Amino acid sequence: MKGKLKQLGQGMTEYIIIVALIAVAAITAYGFFGDTIRGQVGALSKEVSGQDGSGSVTTAQGAADQAEADGAKSKNLGTFTE
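1. Thoughts on the overall build of the protein
Within the protein, the secondary structure is distributed over two helices and zero strands. Split into buried and exposed, the 82 residues of the protein put 11% on the buried side. Accessible area of the protein: about 6,900 Å², with a carbon and sulfur share of 65%.

2. Focus on the environment of glycine 62
Looking at where glycine 62 falls in the secondary structure, it is placed in helix H2 (residues 54-72). Judged by relative accessible area, glycine 62 falls into the partly exposed class, the value being 38%. Sequence separation between glycine 62 and threonine 36 is 26 residues, and the spatial gap between their C-alpha atoms is 8.0 Å.

3. Some thoughts on H2
For H2, built from 19 residues, the straight-helix expectation of 27 Å at 1.5 Å per residue is met to within 8% by its first-to-last C-alpha distance of 27 Å. Along H2, the residues that are buried comprise Ser56, Ala60, Ala63 and Ala67. Taken down its axis, H2 places every buried residue within 60° of arc, on the same side. Along H2, the residues that are exposed and aim more than 90 degrees away from the buried face are Asp65, Glu68 and Ala72.

4. Re a nonpolar patch on the surface
On the surface, a nonpolar cluster with roughly 490 Å² of combined accessible area is contributed by Tyr30, Phe32, Phe33, Ile37 and Val41. Residue position: valine 41 is located in helix H1 (residues 2-48).

Cut-offs applied
- Residues numbered from 1 in each chain as written.
- Predicted model: local features only at pLDDT ≥ 70, side-chain atom pairs only at ≥ 80, totals over all residues.
- Heavy atoms only, no water.
- Helix = DSSP H or I, 4+ residues; strand = E, 2+ residues; numbered from the N terminus.
- Buried < 20%, exposed > 50% of the residue type's maximum accessible area, 1.4 Å probe, protein only.
- Areas by Shrake-Rupley, 256 points an atom, 1.4 Å probe, with all protein chains shown as cover.
- Expected span 1.5 Å × (residues − 1).
- Arc of directions from axis to C-beta.
- Patch = residues over 30% accessible without salt bridge, like charges linked within 9 Å, V, L, I, M, F, W, Y side chains within 5 Å.
- Salt bridge = Lys/Arg side-chain N within 4 Å of Asp/Glu carboxyl O.

Below you can see the structure in the form of structure tokens.
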């Protein structure tokens, strides 16, 4: 009986670690592309409601360009706070 409980605890621990890694990856991706996603969702909601969403699309494109530029910068321990 003791061995079976130990196995169940091990499986739960592995599950929690996997969920935590997925959460960290999602937060990181949202950090890079958050402004772009918000802009695109804003444009989509305007278009669905019958309004012109081209301004929101332009904002999303600008955020995407900025994210690309930030991704291309060389980073190291000396520049991690920038």
